[in-house]
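As a plain string of letters, each chain reads:
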Amino acid sequence: MEDKRKQLIELLFSNKEDYISGQELSNRLNISRSAIWKHMNELKNVGYEMEAVTNKGYRIIKVPNTISEQALRWGLDTNWFGNLINYKPTVGSTQTIAHELAREGASHGTVVIANEQTMGRGRLKRYWDSTFGLGLWFSTILRPSSLEPKNATQITLVAAVAIARALVKHEVDVKIKWPNDIFVGDLKLAGILTEMQAEQHLVDYIILGIGLNGNQGINDFHPSVQEKATSIYQVTGEQVNLNHIFQTISKEFEQMYELFLEKGFGPIKLIWENYAYKMDEWITIKTNELWEAKLLSIQNDGALRVKDEQGTEHTLYSAEILW
Amino acid sequence: MLKVQEIRELIKLIDDSSISEFTYEADGATVSMKKQGEQVVQTAPKPTEQPVTPQPVEQEQSVPEKVTTEPSAKEEEENQSNASMSTDYDTEITSPMVGTFYEAPTPEDPAYIQVGDQVKSQSVVCIVEAMKLFNEIEAEVDGEIVEILVQNGELVEYGQPLFRVKNK
């Protein structure tokens, strides 16, 4: 059933300028005309708009604004990112499900996406606000066979660059807070949680979790994050189609990831630096004690270079930074 | 030229032997040892164009009285700890990357692993994080954790041992 609908959407999409007749759809999918008609009705129910013209056939004219597997797929222009999309209306955490699928052997590029997470989490299991239908919450399984675990850390900056580039295409001007938070002004628009299972020299899999605020008004956020978070809607004043944003991010990520595997971190670093948040500014770093430091740059391996008040330079791979 | 360790071994060997005098020459440098009663005395190599003698040898030379007792006591200690370590563990779980060691998924949660815990190869023993990439480290071996070598929140290097395991 699902499979036929997926094929139907692909057929309609590949003919989007043209009409395609019911008979041709029936032949191509090897199902009856009435089965086609049934699928069409279901697509309309989830928000598609179809034009049907006698003697010409069907044409898709609008994809729904709400997330569904079909809508996510319709227009997804990637080679492997999202080749399998596991859409669930409500989940505890897409990250947890992606881990389960990965352990069962799910392939590189598999996506788990939900309209709502009841237990959405960031790092250290911190709360991630994921209200039904208002943002993108998805986790992607990556299996970079040519990458050693010690070089995999830069994936987090690769993902940040991809999201930043995707958002710029949707006219949202963002900055990247080292290493990978997406900010507009001093407010968080998107976060990335990357978890890896690896042996000494071999990455088993990486789960790249992305949470992006789309259409939240200020009061849609939990009070605990209202002063820290923003959404595309709050930035641009316009509701966005989350399916489109997903597709842009998917395509950008695929490109940046392949660039990274092919050419290393060098070219990613150059792009990252264009988006750097608070570079050359003073921030507070919390290690065992609090200390002030000036952000200098990122290194060739993605680590953060800072200078303390005595003028000594430090390299940070992980640190609690009070921005 | 001989290494400090090799000289130490020589001292010990000669000390335990009936040899009263010993000279070793190579590359224009000479090591001579002569027993004076119960003591082994070692003289530093003659100055040559070769690199300077390592510091510890000179120290030993400046306090010849201690030469007989100190190295053997030290070696006994080492032997003891070697012996106890070799019975204590078979495998070390090492860090696959540079990063921060976390003993638990969150500060509120109990540690994944404590000394005495039994682990399977798939058991998660800790997290190492760098640049917000969280790596759940698995034991990769069946056995008992006998020693935890790092503190929560500590920066660890690539390949640094984190746990010692006695295999099943």
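Residues numbered from 1 in each chain as written. Chains lettered and ligands numbered in written order. Predicted model: local features only at pLDDT ≥ 70, side-chain atom pairs only at ≥ 80, totals over all residues. Heavy atoms only, no water.

Caption draft 1: View of the overall build of chain A. Counting its regular elements, chain A contains nine helices and 14 strands. The C-alpha extent of chain A, read off along each of the three principal axes, is 80 × 45 × 35 Å. The contacts in chain A between residues at least 6 apart in sequence include a share of 61% that link residues at least 24 apart. Only carbon and sulfur atoms are counted for the fraction: they give 46% of the accessible area of chain A, which is about 14,700 Å². Looking at chain A, you have 34 positive and 40 negative side-chain charges, and the mean spots of the two groups are 4 Å apart. (Helix = DSSP H or I, 4+ residues; strand = E, 2+ residues; numbered from the N terminus. Contact = heavy atoms within 4.5 Å. Areas by Shrake-Rupley, 256 points an atom, 1.4 Å probe, with all protein chains shown as cover. Lys, Arg positive; Asp, Glu negative; His and termini not counted. Charge placed at Lys NZ, Arg CZ, Asp CG, Glu CD.)

Caption draft 2: Examining the pairing of strand 7 (residues 124–130) of chain B more closely. Residue and element names in this part refer to chain B. Summarising burial for strand 7: six of the seven residues are buried, a large majority. Of the pairings in the sheet, the one linking strand 5 (residues 99–102) to strand 7 comprises three bridges and is antiparallel in character. Within the sheet, the bridge partner assigned to tyrosine 102 lies in strand 7 and is isoleucine 127. Summarising the sheet, strand 7 and strand 8 (residues 133–138) pair through six bridges and their orientation is antiparallel. Within strand 8, the position partnered with valine 128 by the bridge is asparagine 135. Count of turn residues in the strand 7/strand 8 antiparallel hairpin: two residues, of which methionine 131 carries a positive phi of about 50 degrees. (Buried < 20%, exposed > 50% of the residue type's maximum accessible area, 1.4 Å probe, protein only. Pairing = 2+ DSSP bridges.)

Caption draft 3: Representation of the sheet that holds strand 12 (residues 304–308) of chain A within the structure. All names here are of chain A. Read across the sheet, five strands follow the order 13-12-11-10-14 without closing on themselves; strand pairing throughout is antiparallel. Bordering the open sheet on either side are strand 13 (313–316) and strand 14 (320–322), each of which pairs with just one other strand. Ignoring which end each strand starts from, the neighbouring axes of this sheet average 45 degrees apart. The pairing of strand 10 (residues 282–286) with strand 14 spans three bridges and is classified as antiparallel. Bridge assignment links threonine 284 to a residue of strand 14, and that residue is leucine 322. (Axes fitted to C-alpha atoms, helices over the stretch in contact; angles between N-to-C directions.)

Caption draft 4: Summary view of the pattern of salt bridges. Residue and element names in this part refer to chain A. This structure, assessed with the given rule, holds 17 salt bridges over all chains. A salt bridge links aspartate 77 to lysine 251; its shortest N-O distance comes to 3.2 Å. Separated by 174 residues along the polypeptide, aspartate 77 in the loop between helix 4 (69–73) and strand 3 (85–91) and lysine 251 in helix 8 (residues 242–263) bring together distant segments of the chain. The class of lysine 251 is partly exposed, set by a relative accessible area of 32%. Arginine 121 is the salt-bridge partner of glutamate 195, the closest N and O atoms lying 3.2 Å from each other. (Salt bridge = Lys/Arg side-chain N within 4 Å of Asp/Glu carboxyl O.)

Caption draft 5: Representation of the side chain of serine 93 of chain A in the model. Residue and element names in this part refer to chain A. Within the secondary structure, serine 93 sits in the loop between strand 3 and helix 5 (94–103). You can call serine 93 buried: its relative accessible area is 4%. Setting aside residues up to four positions removed in sequence, serine 93 forms contacts with Gln117, Met119 and Arg121.

Caption draft 6: How the structure looks around the side chain of lysine 269 of chain A. Residues and elements named next belong to chain A. Considering the arrangement of structural elements, one finds lysine 269 in helix 9 (residues 266–274). Lysine 269 gets classed as buried once you look at its relative accessible area, which sits at 15%. Apart from the residues within four sequence positions on either side, lysine 269 is in contact with Ile298, Gln299 and Asn300.

Caption draft 7: Representation of the interface of chain B and chain A within the structure. With 21 residues of chain B at the contact, the number on the chain A side is 29 residues. Buried area between chain B and chain A, summed over both chains or domains, comes out near 2,300 Å², and the portion from carbon and sulfur atoms is 60%. In this structure, the salt-bridge partner of lysine 125 of chain A is aspartate 109 of chain B, at a minimum N-O distance of 3.4 Å. Sort the elements by how many residues they give to the side of chain B that touches chain A and strand 8 of chain B lands first, with five residues. (Buried area = accessible area lost by both parts, 1.4 Å probe.)

Caption draft 8: Inspection of the packing of helix 6 (residues 155–169) of chain A against helix 9 of chain A at higher detail. All names here are of chain A. Viewed as axis vectors pointing N to C, helix 6 and helix 9 meet at an angle of 50 degrees, and their least axial separation amounts to 10 Å. Viewed along their axes, helix 6 and helix 9 adopt a mutual orientation that is oblique. Both helix 6 and helix 9 take part in a crossing whose hand is left-handed. In this structure, helix 6 uses Leu157, Val158, Val161 and Arg165 to contact helix 9, whose residues at the interface are Ile268, Ile271 and Trp272. In terms of residue class, the contact of helix 6 with helix 9 is made up of six nonpolar, no polar and one charged. (Parallel < 35°, antiparallel > 145°, perpendicular 65-115°, else oblique. Left-handed = near helix turned anticlockwise from the far one by under 90°. Nonpolar A, V, L, I, M, F, W, Y, C, P; charged D, E, K, R; others polar.)

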